[in-house]
Structure formats: C-alpha cells, structure tokens
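# Chain and residue survey
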Amino acid sequence: MKTAFFSTKSYDREYFDKSRELEGHDITYFEVPLNVHTARLAEGYDAVCIFVNDIADTETIHKLASLGVKAIALRCAGFNNVNLKTAYENGIKVVRVPAYSPEAVAEHAVALILTLNRKTHRAYNRVREGNFSIENLTGFNLYKKTIGVVGTGLIGTAFCRIMLGFGCKVVAFDIRQNQELIEKGVIYEPLEKVLFESDIISLHCPLNPSTAHMIDKNAIDKMKNGVMVINTSRGGLVNSIDTIEGLKNGKIGYLGIDVYEQESELFFKDLSEMVIQDDVMARLISFPNVLVTGHLGFFTKEALEEITRITLQNLSDLDAGRSLQNEVPYTA
Ligand code: NAD
C-alpha cells in the first residue's frame, strides 16, 4: 500500500519509522498540509494519511478520487475536516484512530486548569527573574468545586474520573449517558443547568453542525461570574469573539484552550520571528488569565505510539481488504 502522509513533523517520521508494524508499508512523508492545492502530490498513491488541520473537503476529495486514491487514513480521532458524503460518493474509505489515549487529552485539560488556577506559569517566570513575591498569585481549591463536562465519551470519561479524584462535584451533559460515570457519582443535567452551576466547564464533545459555537454569548451569559472555560476538543465549539467579550467584562475568569477555530494558520508552526496576523488570537494571548497551547493535548509518548500502531493497522486492513474496525461511516 502506497500512502502519502501530509502535514508530517519530525515526531511523526520518528514514530512511524521506528514502528515494528512498518514492514510492508510504502510511506512518503510530505510536510505540506493536504488541501485542494496540494492534493496532486497524492498521484500514484493508494491512500493519504492526514491530521487535524488537513482539509479533505469536496474539491480536495474529487481531486484525490481523480488521482486514484482509495482511502483517507486520519491519524487522529476527530474527522470534522473530512467531507464524509463526498468520500462515500467517490468510493473513498475513511478510517481514523478513535482512541489512542483518552488520558493524554484529559490530563492536558487538567494541566490547563491547574496552571490557570494556581498560576504556576507566572510563578515560574517570576522566580527566574529573582522575584519570589506571591502577590496576585492567589488560586482556589478544586476540592468541592463543581466541574461541568460537556461530552462524556472516552476523553470526557477520563476527565470526569480525574476530577472526581480531586473531590469535585462533577455534572455533565451528553446526548448519551454513561452508566459507569453515574455509578461513580457524575450527575447528568441539561446543558443550561451545567453552564449555570459550574465553576469550571470543560468541553469534550465533537465538532459538528449541532455543536458548532455552542459556547457563544448566549451560553456565556448563563455561566457563573468568573467561570473557567477549558476547550481541548475543537476550536469551532467556541465563538472566540464572544469569549473575548466575556473575558473583558469579567464573566469569564479564566480561559484555557488547546484548540482554536482558525488554528490551521497558526498551530504546529514556529511563527516566533513573525508578526501574528490573527487579531483574535493576538487579543486572546494578551490576557493574563488566558492560557493557549497549540493543540498538544494528544502529544504524549504513549499516544504517539498508539496513533502509529493503529494507523498502520488501518492501512494494512485497507490493503488486505479486511473489514475495517475503525472506519468512519457516512450516514445520510
Ligand atoms: P468520543 O466520541 O468518545 O466522545 C464524544 C462524546 O461527545 C460522546 O459521548 C458523544 O455522545 C458526545 N456528544 C456528541 N454530540 C454532543 C452534543 N451535541 N452535546 C454533548 N455531547 C455530545 O470522542 P473522544 O475521544 O472523547 O474525543 C472528543 C473530542 O476531543 C474529539 O471529537 C476531538 O475533537 C477532540 N480531541 C482533541 C485532541 C487534542 O489533542 N486536543 C485529541 C483527541 C481528540
């Protein structure tokens, strides 16, 4: 199976090249992202392997199909960047890595919470400057706080378990309830109630037409004053302009984001010598109570090993014509 890998970085090449499952795979690594302009690079390949910010929209998929590409293998869980209908209509199979390490992302959400709350990022910088003052570094106890979780799938479940361990009250909203979490003490409630009650709200649902901009002015108005909002899921869940308003008027006390709606222009790139052209991001990072990480929730050794193993397994299954365990189905 000849596969063109798009948006590859040194760590992708490192993990795939050293994988024991690599034998029999013919991989070419491209650094450029997949989009309608770069799709022609897939000429002569059976499959393309893509990541979170590659764009497999209608036009791109038509181009891939005309080049004879038969499969799109996502080396991530989310698939909001693939037009499944067009893929299906063109006989292109779509596979993904549904669960490589839910704990990696859940633990990153907790890292954002603890950093914002206990201001360890600011304390670190102060001490490096010889400033041991603790003025304005007051935090709050997580113990007995109410944590609102939106989406209790694999990552949300791992996140709930950790927060229960802190002695928090965990309330959740999902279109499906997880009995195991209810037994552990998680209380499912309507979204409005979760927004209203929570001291910290963490998003773990997928981006789709029903969840796009679910956190907008209307939702923010329902939240507690000084709420902490954490998004490690997909940038499009949140209206960034509305969060800026919420931060300016103090409704949002803390914002931690690992994802951002326009992240494809910024994330995974070193722009340190350039002027940031995205005024919304420039404003967001100017707040002292905002923490932005560049989509690294997934980025642990264990997760990279699993992403590599499952992606190669998916490609082998495609090649052998076996039933696809990790196919993303299209339902009209
Ligand atoms: P999952 O499919 O196991 O869980 C998603 C949950 O969201 C499900 O329980 C589903 O019922 C629920 N849901 C669907 N629509 C909803 C709605 N309208 N309101 C509330 N809940 C809804 O997925 P997962 O593995 O837990 O991943 C969740 C998301 O995390 C992914 O979609 C992806 O966007 C994101 N993610 C981010 C990173 C990162 O590095 N930051 C890594 C992996 C995944």
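What counts and how
- Residues numbered from 1 in each chain as written.
- Predicted model: local features only at pLDDT ≥ 70, side-chain atom pairs only at ≥ 80, totals over all residues.
- Heavy atoms only, no water.
- Pairing = 2+ DSSP bridges.
- Helix = DSSP H or I, 4+ residues; strand = E, 2+ residues; numbered from the N terminus.
- Axes fitted to C-alpha atoms, helices over the stretch in contact; angles between N-to-C directions.
- Parallel < 35°, antiparallel > 145°, perpendicular 65-115°, else oblique.
- Left-handed = near helix turned anticlockwise from the far one by under 90°.
- Contact = heavy atoms within 4.5 Å.
- Nonpolar A, V, L, I, M, F, W, Y, C, P; charged D, E, K, R; others polar.
- Near = heavy atom within 4 Å.
- Polar contact = N/O pair within 3.5 Å; in protein donor to acceptor, adjacent residues only side chain to side chain.
- Areas by Shrake-Rupley, 256 points an atom, 1.4 Å probe, with all protein chains shown as cover.
- UniProt positions renumbered as here; feature names shortened; annotations may be inferred.
- Salt bridge = Lys/Arg side-chain N within 4 Å of Asp/Glu carboxyl O.
- Buried < 20%, exposed > 50% of the residue type's maximum accessible area, 1.4 Å probe, protein only.

### Notes on the sheet that holds strand S3 (residues 47-50)
Within a sheet, adjacent strands bond to each other through the backbone by hydrogen bonds, running parallel or antiparallel. Read across the sheet, five strands follow the order S2-S1-S3-S4-S5 without closing on themselves; strand pairing throughout is parallel. Either end of the sheet is taken by a strand with one partner, and the two such strands are strand S2 (26-29) and strand S5 (93-95). Strand-to-strand, the axes of this sheet are offset by a mean angle of 20 degrees, without reference to chain direction. The sheet contact formed by strand S1 (residues 2-5) and S3 spans three bridges and is parallel. Bridging from a neighbouring strand, Ala4 pairs with Val48 of S3.

### Comments concerning the packing of helix H4 (residues 102-118) against helix H6 (residues 154-165)
Their axes nearest at 8 Å, the elements H4 and H6 cross at an angle of 50 degrees. In this view, H4 runs oblique relative to H6, as classed from their interaxial angle. In the crossing of H4 with H6, the sense of the turn from one axis to the other is right-handed. Contacts from Pro102, Glu103, Val105, Ala106, Glu107, Ala109, Val110 and Ile113 of H4 reach H6 at Leu154, Ile155, Ala158, Phe159, Arg161, Ile162 and Met163. Residues that form the contact of H4 with H6 fall into these classes: twelve nonpolar, no polar and three charged.

### Describing the site of the ligand
Around the ligand, the structure places 24 residues, and the nearest of them are Tyr100, Leu154, Ile155, Asp174 and Thr232. Note that an oxygen atom of the ligand is positioned 2.8 Å from one of the backbone N or O atoms of Ile155. Within the side chain of Arg234, one N or O atom sits 3.4 Å away from an oxygen atom of the ligand. Protein contacts shield 88% of the accessible area of the ligand, which totals 860 Å² for the unbound molecule. Of the residues that constitute the shell around the ligand, the class distribution is ten nonpolar, ten polar and four charged.

### A look at the UniProt feature "domain: D-isomer specific 2-hydroxyacid dehydrogenase catalytic" (unreviewed entry) in the protein
Look at the UniProt record and you will see "domain: D-isomer specific 2-hydroxyacid dehydrogenase catalytic" (unreviewed entry) annotated at residues 5-328. In the segment residues 5-328, helix accounts for 35% and strand for 14%; the C-alpha atoms at its two ends are 19 Å apart.

### Here's the deal with the pattern of salt bridges
Under the defined criterion, the tally for this structure stands at 15 salt bridges. Across the salt bridge formed by Lys93 and Glu327, the nearest N and O atoms sit 3.8 Å from each other. A residue pair is termed long-range when its members are at least 10 positions apart, and Lys93 in strand S5 and Glu327 in the segment after helix H12 (301-320) qualify at 234 residues. Judged by relative accessible area, which is 37%, Lys93 ranks as partly exposed. For Glu327, a relative accessible area of 34% puts it in the partly exposed group. Taking the shortest distance from any N to any O, the salt bridge between Arg322 and Asp317 comes out at 2.8 Å. In this structure Arg322 comes out as partly exposed when scored by relative accessible area, which is 45%. Relative accessible area serves as the criterion here: at 6%, Asp317 is assigned to the buried category.

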